[in-house]
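Residues per chain, in single letters:
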Amino acid sequence: MIEIKHVSKWYGSFQVLADCTTSVAKGEVVVVCGPSGSGKSTLIKTVNALEPFQEGEIVVDGISVGDAKTDLPKLRSKVGMVFQHFELFPHLSVMDNLTLAQVKVLGRGKDEAAERARKLLDRVGLKAHQEKFPGQLSGGQQQRVAIARALSMDPIAMLFDEPTSALDPEMVNEVLDVMVDLAKEGMTMMVVTHEMGFARKVAHRVVFMDGGKIVEDTDKDAFFDPSALRSERARHFLSKIL
Ligand code: ATP
Ligand code: MG
């Protein structure tokens, strides 16, 4: 579903991604972790072309991301993305946040889009809030709206970049619960997070990055088995967050 092959990226002379190769199969949940500045956000943003890269290849559902001929709006509509800071449209109601792209990008009728939005809001527990504006919601509620908005495009995969790290602790679980459900339903997911409880529960594989490199890419059980880890860096990282 998502193939990242030998991807490198530089900002000027600074190499932010160094020969990164990994993949996410259909229905697979891959957690990406690693120290601050290791390139996690940059890597995940290359997948839906929010960040260009200079070397290597990324293929999403048969579409080559780096190819100049690729229809980027179409690609982005297929791959939902949820960010740390929600990034909802502040001047639009929750309902309008969920219907805008369905109408503009997918060409759905307003009624059909609203119907889909209501179903998704119900699913994330926010049906009663559809007329509110993002500023009237808690962080956890806003993040659930952001997830519902991404799902409204019927994505074939979802990317998450530290979706809970800006939330107050008591709101983390309401967002993780939605993500766990999504994973259990078989959604293909690439998730940058340090929530190792989430990783243990639903991840199939864990990728560990350091200094722009993928230094671990192992199945979940191997990642959490300290004796099986190859890199000292990952061992040290895990000892701090577990
Ligand atoms: P964090 O855990 O703090 O979110 P990260 O692993 O997501 O970190 P990135 O945001 O991908 O890391 O950044 C990787 C490196 O690239 C960092 O050293 C960062 O300073 C650098 N970087 C990011 N964006 C730019 C930019 N636009 N220009 C120059 N350097 C950048
Ligand atoms: Mg980041």
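Residues numbered from 1 in each chain as written. Chains lettered and ligands numbered in written order. Predicted model: local features only at pLDDT ≥ 70, side-chain atom pairs only at ≥ 80, totals over all residues. Heavy atoms only, no water.

Draft legend 1. A look at the environment of Leu121. Note that Leu121 resides in helix α4 (residues 110–123). Residue Leu121 is classed as buried on the basis of its relative accessible area of 0%. In sequence terms Leu121 and Ala148 are 27 residues apart; their C-alpha atoms lie 6.4 Å from each other. Once you skip the residues sitting within four places of it in the chain, Leu121 turns out to touch Val94, Leu98, Leu126, Lys127 and Gln130. (Helix = DSSP H or I, 4+ residues; strand = E, 2+ residues; numbered from the N terminus. Buried < 20%, exposed > 50% of the residue type's maximum accessible area, 1.4 Å probe, protein only. Contact = heavy atoms within 4.5 Å.)

Draft legend 2. Structural view of the pattern of salt bridges. As enumerated under the stated definition, the model contains 14 salt bridges in all. For the salt bridge of Glu51 with Lys9, the shortest nitrogen-to-oxygen distance reads 3.2 Å. Here Lys9 lies in strand β1 (residues 2–11) and Glu51 lies in the loop between α1 (40–47) and β4 (55–60), a separation of 42 residues in the sequence. The same class applies to Glu51 as to Lys9, namely buried. Of the charged contacts in the structure, one is a salt bridge between Lys78 and Asp61, with a shortest N-O distance of 3.0 Å. Taken together, the residues span a long stretch of sequence, with Lys78 in helix α2 (residues 72–78) and Asp61 in the loop between β4 and β5 (63–64) at a distance of 17 residues. Judged by its relative accessible area of 39%, Asp61 falls in the partly exposed class. Through salt bridges with shared partners, a single network forms among Arg108, Glu112, Arg116 and Asp154. (Salt bridge = Lys/Arg side-chain N within 4 Å of Asp/Glu carboxyl O.)

All we've got here are geometric facts, nothing functional implied.
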